[in-house]
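Report on the structure
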Amino acid sequence: MKIAVILRQVPDVVEELVIAADGRSLAEDEVTYITNEGDEHALEMALILKSRQAATVTAVGVGGDEARDALATAVAKGVDEALFVPVPFEHRGDNHRLAAHLAPAIKSAGYDLVLTGVWAADQLDAGLAGLLAVHLSLPYVGGLTSVAAEPAGDKATVRKEFPGGRLGIIEVSLPAVLGIQSAEQPPRYASVSKVSQAKRTMQMKELSGPLPNVEGVHVSKLMKSETGVKAEMLSGDVERVADGIVRILRERGVV
Amino acid sequence: MIPREVVVVAEHMAAELSDVALETLACAHELAFSLGWHVTCLILVDDPKPFQALPLASDRTLIVTDPALGSFNPAAYTRVLLHLLKDLSPRLVLLGNTSVGMDLAGPLSIGLGAPVVSGCTRVRAEGERLLFTSKLCGGKLLAQSEVRDGLAIALLMPGSYNREIGMLDRVPRVDVQASPVPLETLPLRFLELVEPKMEDVDVTKVPILVAAGRGIQSRENIEAMESLAKALGGAVCATRPVVDQRWLPRTRQIGRSGMTVKPRLYLALGVSGAPEHVEGMKDSELIVAVNTDPDAPIFDVAHYGATVDLLELVPVLTERIKALRGE
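On a predicted model such as this, the values are computed, not experimentally measured, just so you know.

This brings us to the overall build of chain B. From N to C terminus, chain B includes eight helices and 17 strands. Taken over the C-alpha atoms alone, chain B extends approximately 70 × 45 × 35 Å along its principal axes. Across the 327 residues that make up chain B, the buried fraction comes to 60%. Taking contacts inside chain B between residues at least 6 apart in sequence as the whole, the part at least 24 apart equals 65%.

Pasting the structure below:
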């Protein structure tokens, strides 16, 4: 079985996000990148599948130079091949363009499964996996928390999340593109020494060339959410905050 | 002039419309009412009966039936919707920003040659332009975008509109038709719907919840949360990343794919307030949030907030509560 996993670099939302002077994008120099969380889970799912049956896993690292580091980590975790897809800053998060760019390379490699996160932190349009599936003429389902492939490799059984803790069990004909919500176990760690070794020894291919010109959604204005407007903030050290919380709980009759 | 059309693709499960379907109808109704546009609510099902007499805020409810539409199947939905939407040629198609809407957005976008705007909290029209406000980057940013002409597809964040406006005091025109396209050979087959198991604590019934977010940092710190919850007479619940790490069982997850709760107290510790989490707890009677990041969106919905280190706060707070209760 041949599996591809797409790993996108997205802004780390735990860090401060600075809006650029144009008022429509993030300030490039201020962004800290991390691998999209759903994509990390997709990678874990691929490695779980590989542990269950004969499979080769290709990691496709999308973004700036940070994507090369993500690929080294993926190799250290156990993927077999690494493909770097450089994407200029202004086109990151544009899934329509990205899907059109990735589709020919993914099609020619003939994967049985293409996995990626169902959602990316920086996306404003449709999810990458669903768009990619249309370009590849493959079935797509997303929001998955488990994937079990048949030994014959012609179908997989997946679990899809619905609101209220419900799960749908769905059979998918392969090849297919799947949008992963979370893997069956937390993403594994790769030791620093293994990552360093992978950086030195891995053979990384590169998908070069300009991104296709695809008409997408244009952001006219980017703003920070109006944070802190509603909550009444309790100031002071831990002792004072604890006193403040206890006072509120007593006033409200909670304790 | 023929009025422009807004089509709502209504989500449903187990023979009931989902809350997000009514919220999406509320959005469509608000938009269409002021402009004199026409709202069609599309419901794709196997059995039309539960949906035929609903007083939905649409001008017309179109129920499309086929045995393959009994449960959500993205391949079946896509086939039917591509066919119907080409016929209806709407200006706007509204879906929920959910596990259902997200499956359909890509295929519909390319199939109909229309842009998709996801994460929408607000949709407006100015003349011919459709204007969208969306949440980005875990709710920390808001993006405004516009589609000047032609069809647009929008995914609406659950909880953005009042679902009560999605119903009116009359039943609109209801048409029932068989699927216009054959759905026998599909690459996806829905096998079974699994209801959540409730052998653990039922967080929807606990009046006081201590919510553990990513900021609790490690599994070892759950114990301190448990002690605080016990002192308060409540239980510990969690955000998705905490559950994905297996620090707490899935039954404790609050948010879009977990539980929706309305406790008397929701004490959010190290919770950033990503939109999909906020959906599940925003109607709590009292929300107190502690997060070291002053920009965390949880402070938008919290009544009270603090930016101290929660790992230092929790033992102090637990002792204060215990002392108060004379323990």
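Once you've had a look at it, read on.
Let us now look at the pattern of salt bridges. Going through the model one piece at a time under the given rule, you end up with 37 salt bridges over all chains. A salt bridge links Asp295(B) to Lys224(A), with the nearest nitrogen and oxygen atoms 3.8 Å apart. Residue Asp295(B) is located in the loop between strand E16 (287-290) and helix H7 (298-301), and its partner Lys224(A) is located in strand E11 (residues 219-224); the two belong to separate chains. Asp295(B) sits in the partly exposed class, given a relative accessible area of 28%.

Let us now look at the interface of chain A and chain B. With 80 residues of chain A at the interface, the matching set in chain B holds 83 residues. Both sides of the chain A and chain B interface together cover about 7,200 Å² of buried area, and 61% of this is carbon and sulfur. Our enumeration of links across chain A and chain B arrives at nine salt bridges. Put simply, Glu239(A) and Arg320(B) hold a salt bridge, and the shortest N to O gap is 2.9 Å. Along the contact surface separating chain A from chain B lie 38 residue pairs in polar contact (both at pLDDT 80 or more). Of all the secondary structure elements, the ones that give two or more residues to the side of chain A that touches chain B are helix H1 (37-52), helix H4 (128-136), strand E6 (140-149), strand E7 (155-161), strand E8 (167-173), E11, strand E12 (232-233) and helix H6 (238-251) of chain A. Ranked by the residues each element gives to the side of chain A that touches chain B, the list is headed by H6(A), at 10 residues. Its residues assigned to classes, the side of chain A that touches chain B comprises 38 nonpolar, 22 polar and 20 charged. Judged from the two bridges that link them, E12(A) and strand E17 (residues 304-306) of chain B form a sheet pairing that is parallel. Within E17(B), the residue paired with Glu232(A) across the bridge is Tyr304(B).

Moving on: the packing of helix H2 (residues 66-77) of chain A against helix H5 (residues 192-201) of chain A. All names here are of chain A. As a packed pair, H2 and H5 sit with axes 8 Å apart at the nearest point and diverge in direction by 110 degrees. For the element pair H2 / H5, the angle class is roughly perpendicular. Judged by the sense of rotation from one axis to the other, the crossing of H2 with H5 is right-handed. Listed contacts from H5 to Asp69, Ala72, Thr73, Val75 and Ala76 of H2 are Lys194, Val195, Ala198 and Lys199. Considered class by class, the residues forming the contact of H2 with H5 number five nonpolar, one polar and three charged.

The subject of this paragraph is the environment of Val243(B). All names here are of chain B. Relative to the elements of secondary structure, Val243 occurs in helix H5 (residues 240-244). Val243 sits 81 residues away from Leu324 along the chain, and the two C-alpha atoms are 32 Å apart. Contact partners of Val243, with chain neighbours within four places excluded, come to Ala238, Leu248, Pro249, Arg250 and Gln253.

So, about the sheet that holds E17(B). Overall, parallel pairing links the six strands, which are arranged E12(A)-E17(B)-E16(B)-E15(B)-E13(B)-E14(B) in an open sheet. Each edge of the open sheet carries a strand with a single partner, namely E12 of chain A together with strand E14 (235-238) of chain B. Relative to E14(B), strand E13 (residues 208-212) of chain B is paired through four bridges, and the arrangement is parallel. Within E14(B), the residue paired with Ala212(B) across the bridge is Ala238(B). Relative to E13(B), helix H4 (residues 222-232) of chain B is tilted by about 165 degrees, and along the sheet it contacts E13, E14 and strand E15 (265-269) of chain B.

Our focus in this paragraph is a negative patch on the surface. Residues and elements named next belong to chain A. Judged by side-chain charge, Glu28, Asp29, Glu30 and Glu90 come together as a negatively charged surface patch. For Glu90, the location among the structural elements is in the loop between strand E4 (81-86) and helix H3 (95-109). In this structure Glu90 comes out as exposed when scored by relative accessible area, which is 58%.

Reading guide: rules and limits
- Residues numbered from 1 in each chain as written.
- Chains lettered and ligands numbered in written order.
- Predicted model: local features only at pLDDT ≥ 70, side-chain atom pairs only at ≥ 80, totals over all residues.
- Heavy atoms only, no water.
- Helix = DSSP H or I, 4+ residues; strand = E, 2+ residues; numbered from the N terminus.
- Buried < 20%, exposed > 50% of the residue type's maximum accessible area, 1.4 Å probe, protein only.
- Contact = heavy atoms within 4.5 Å.
- Salt bridge = Lys/Arg side-chain N within 4 Å of Asp/Glu carboxyl O.
- Buried area = accessible area lost by both parts, 1.4 Å probe.
- Polar contact = N/O pair within 3.5 Å; in protein donor to acceptor, adjacent residues only side chain to side chain.
- Nonpolar A, V, L, I, M, F, W, Y, C, P; charged D, E, K, R; others polar.
- Pairing = 2+ DSSP bridges.
- Axes fitted to C-alpha atoms, helices over the stretch in contact; angles between N-to-C directions.
- Parallel < 35°, antiparallel > 145°, perpendicular 65-115°, else oblique.
- Left-handed = near helix turned anticlockwise from the far one by under 90°.
- Patch = residues over 30% accessible without salt bridge, like charges linked within 9 Å, V, L, I, M, F, W, Y side chains within 5 Å.
- Areas by Shrake-Rupley, 256 points an atom, 1.4 Å probe, with all protein chains shown as cover.
- Lys, Arg positive; Asp, Glu negative; His and termini not counted.
- Charge placed at Lys NZ, Arg CZ, Asp CG, Glu CD.

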